[in-house]
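# Commentary on secondary and tertiary structure
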Amino acid sequence: MESATPVIVAIDGPSGTGKSSTSKAVAAQLGLSYLDTGAQYRAITWWMVNNGIDTDDPTAIAAAAGKPEIVSGTDPQGPTITVDGVDVAGPIRTQEVTSKVSAVSAVPEVRARITELQRSIAASAAHGIVVEGRDIGTTVLPDAHLKIFLTASPEARAARRSGELKGVDVHSTREALIKRDAADSSRKTSPLAKADDAVEVDTTELTLAQVIECVVTLVEEKRAGK
Ligand SMILES: Nc1ncnc2c1ncn2[C@@H]1O[C@H](COP(=O)(O)OP(=O)(O)OP(=O)(O)O)[C@@H](O)[C@H]1O
Ligand SMILES: Nc1ccn([C@H]2C[C@H](O)[C@@H](COP(=O)(O)O)O2)c(=O)n1
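Residues numbered from 1 in each chain as written. Chains lettered and ligands numbered in written order. Predicted model: local features only at pLDDT ≥ 70, side-chain atom pairs only at ≥ 80, totals over all residues. Heavy atoms only, no water.

- Looking at an unreviewed UniProt entry, one finds the chain named Cytidylate kinase and attributed to Streptomyces coeruleorubidus.
- Its UniProt record, at the heading Sequence similarities (unreviewed entry), says of the chain: "Belongs to the cytidylate kinase family. Type 1 subfamily."
- UniProt's Subcellular location (unreviewed entry) comment on the chain is quoted here verbatim: "Cytoplasm". (UniProt positions renumbered as here; feature names shortened; annotations may be inferred.)

Pasting the structure below:
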């Protein structure tokens, strides 16, 4: 790639593999924008729940998919997310939204809407962007300069998540992660998948700092044309 070209980095992988933490830190270190696409699917799910849409009814979800206005702020030091002007950064992380987001994000009309939004945000990032999610390398930005697919054992991911959610036991966290990954991987439209040209990084035995360093090095090598 030309050194002046805004670099586009796609980071995908299952839940709890470190996508958000890694993407934010890499973007901050390299002066790039950052987009959390999971937050966008959570935001549209939050809107469906708040507006009385039955999240078990794909037809109702499809009919409403165009209604909410979702805006993502892409500063890695302080990413933001609003729906119809309301800050939903906190409410999108509730257990209720987490349990419903896979069903809502499987609806093709939802994916078409959010994918279009993601592409327009990536195209307007003047210095480049790190975009993290499940289908970024395969579907949203298939021409990304660098694609990373993060993995980690279910045990490591559950331990990381249980550390965040005080009082929630590792076993039930592990079961919930596995269930959500299965739903996200088996949907018909742009499932969670590794792109053929993605670099897979198993983070099970790595510290977060090691993962960040690994990805920064890969971006710098790409920029240097290696
Ligand atoms: N390599 C690592 N070692 C230890 N802890 C880590 C590592 N990577 C991330 N973490 C921690 O694991 C938790 C989950 O990380 P993060 O939210 O970045 O994952 P994610 O892949 O974005 O998850 P999700 O897809 O569910 O949003 C965080 O508490 C984070 O600090
Ligand atoms: N590109 C994406 C990003 C996210 N999703 C869906 C599937 C996830 O379970 C959910 C929440 O994501 P998280 O906040 O855990 O990263 O959103 C998707 O389908 N495609």
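## Focus: the site of ligand 2
- Taken together, 16 residues lie around ligand 2, and Arg42, Arg111, Asp135, Arg180 and Asp184 are the ones closest in.
- Thr37 is positioned with one of its side-chain polar atoms (N or O) 3.1 Å from a nitrogen atom of ligand 2.
- For ligand 2, an oxygen atom lies 2.7 Å from a polar atom in the side chain of Asp184.
- Isolated, ligand 2 exposes 440 Å² of accessible area, and the fraction of that covered by the protein chains is 97%.
- Of all the elements in the fold, those that place two or more residues in the shell around ligand 2 are helix H2 (37-50), helix H4 (95-105) and helix H8 (170-186).
- In terms of residue count, the dominant contributor to the shell around ligand 2 is H2 (4 residues).
- Taken together, the residues of the shell around ligand 2 break down into 3 nonpolar, 5 polar and 8 charged. (Near = heavy atom within 4 Å. Polar contact = N/O pair within 3.5 Å; in protein donor to acceptor, adjacent residues only side chain to side chain. Areas by Shrake-Rupley, 256 points an atom, 1.4 Å probe, with all protein chains shown as cover. Helix = DSSP H or I, 4+ residues; strand = E, 2+ residues; numbered from the N terminus. Nonpolar A, V, L, I, M, F, W, Y, C, P; charged D, E, K, R; others polar.)

## Notes on unusual backbone geometry
- Located in the positive-phi region is Asp84, a residue other than glycine, with phi close to 50 degrees.
- Asp84 sits in the partly exposed class, given a relative accessible area of 42%.
- The residue Ser190 is not glycine, and still its phi comes out positive at about 35 degrees.
- Among the structural elements, Ser190 can be located in the loop between H8 and strand E8 (199-202). (Buried < 20%, exposed > 50% of the residue type's maximum accessible area, 1.4 Å probe, protein only.)

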